[in-house]
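Descriptive structure summary
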Amino acid sequence: MSSPVHAERLARVRATLAARGLDGFVVPISDEHMSEYVGDYAQRMAWLTGFGGSAGTAAVLPHKAAVFVDGRYTVQVRDQVDGSLFDYVGVPQSSVAEWLGNNVSADQKIGFDPWLHGIDWARGLGKALAAKGAQLVAVDENPLDAAWDDQPAPSAAAVTVYDTKLAGQAATDKRAVIADWLKAKGLDTTVMTALDSVAWTFNIRGSDVSHTPVGLAFALLHSDATADLFIAPEKVTDAVRAHLGNSVRIHDRDAFEAALADLKDKKVAVDPDRAVAAIFTALEAAGAKIERHRDPAVLPKAI
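This write-up is about the structure you can find in this document. (Residues numbered from 1 in each chain as written. Predicted model: local features only at pLDDT ≥ 70, side-chain atom pairs only at ≥ 80, totals over all residues. Heavy atoms only, no water.)

Time to look at the side chain of Ser 3. Note that Ser 3 resides in the segment before α1 (4–19). Those residues in contact with Ser 3 that sit more than four places away from it in its chain are Asp 82 and Leu 85. (Helix = DSSP H or I, 4+ residues; strand = E, 2+ residues; numbered from the N terminus. Contact = heavy atoms within 4.5 Å.)

Rendered as C-alpha cells:
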C-alpha cells in the first residue's frame, strides 16, 4: 500500500522539524488532558500516518519513522499505515525509547510536546536518549500543528449543567469533600486535568470528544472549597455560570499555564497518570511543592 498523501505529510513534518533545529519528534495519540479519546484537533497521529486506532504513537527521524501499537491493532496498523514510510513496532515488546535508542545518532535533538506526554515518560525517554549522546527537547509549539494546514479547531460547543437529581450529589458537596481531603493531607490545591473528573466534580457535561460527554477544561481545587475552572469563555452559558456559583472562578482555558505560576510556595497535589509533563515543569518553575496523589475524583466517581 503506497500513500502519497502521508508521504507528503511526513516530508512536510521533516522539513518543519529541520527548520526548528530538531532531528526527530514523537507524536502520540493524546491531548492536554492525557485523554484516551481525543477531539479531532488532537488527532495528529491519524493525520500523519493514517492510523485510526485509539492508542498508539509515531516517531519521526530524518530518514526513518515508526508507528508503535499494541496487539489490538496488529492487523489494523498494516491496513492503514504505509509500511514503506513507517516501521511497525509492537508494544510492550518494544518501546519508543528502545526504537529511538537504536536509531538516533549522538548530538541529535528529538522533540516532544510536553502538553501531550506524562512526566515519567518524558524523564525516561530523556535518560534513554542521553545514554546515546542525544537530547530530548520540549517544544513550545507542536511542529505538527504548523505542518497541518487544515487542522480543525478545538470544539467550541457549550457545556451543559448535569442535574443534581441525575448526579446524585451537588457539585458544591463534591468539592467540599475534595477540600476536606486536601486539608487532611496538609495540601493547598489539587490540579485536575482529566476531562471526566472535571465533568464529574462540577456536574457539567460537554460534546468536545466524540461519544464522550466532556468539555475541554482544566481545574484547580483549593482547600477552602473554592475552585478555578479554565474553559473557553464561549462554552460557558449563563445557566452554567449560575450553576457553578460564586465559589468557582471562571477563566479562559488559555490562562491555565499562567495560573500554575501563581502557586508559588503552595503544596499542590498532582496525579502523574493524568497530568502532562508541562504541568509539572510549570509548577517546579513556580516554586510550588508538588506531591504526587491520585486525582481525588477518581474513586468517588467510580461509585
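A word on the nonpolar core. Generally speaking, soluble globular proteins have nonpolar side chains that are buried together. With 38 residues, the main nonpolar core has Leu 100, Val 191, Phe 256, Leu 260, Ile 279 and Leu 283 as its most contacted residues. Residues contacting Leu 260, with those up to four places away along its chain left out, are Val 191, Leu 220, Ile 279, Ala 282, Leu 283 and Ala 286. In this structure, Leu 10, Ile 29, Leu 48 and Leu 85 belong to the second largest nonpolar core, which totals 33 residues. (Core = buried A, V, L, I, M, F, W, Y, C linked by side-chain atoms within 4.5 Å. Buried < 20%, exposed > 50% of the residue type's maximum accessible area, 1.4 Å probe, protein only.)

Once that is clear, we can look at the packing of helix α8 (residues 171–185) against helix α9 (residues 195–202). For the pair α8 and α9, interaxial distance at closest approach is 7 Å and the crossing angle is 115°. Listed contacts from α9 to Ala 171, Lys 174, Arg 175 and Ile 178 of α8 are Trp 200, Thr 201 and Phe 202. Here the contact of α8 with α9 is composed, by residue class, of 4 nonpolar, 1 polar and 2 charged. (Axes fitted to C-alpha atoms, helices over the stretch in contact; angles between N-to-C directions. Nonpolar A, V, L, I, M, F, W, Y, C, P; charged D, E, K, R; others polar.)

Moving on: the sheet that holds strand β10 (residues 217–222). The 6 strands are arranged β12-β11-β10-β8-β13-β14 in an open sheet whose pairing can be described as mixed. Edge positions in the open sheet fall to β12 (248–251) and β14 (289–292), since each of these has one partner strand only. With strand direction ignored, the average angle separating the axes of adjacent strands in the sheet is 20°. Here strand β13 (residues 267–270) pairs with β14 via 4 bridges, running parallel. (Pairing = 2+ DSSP bridges.)

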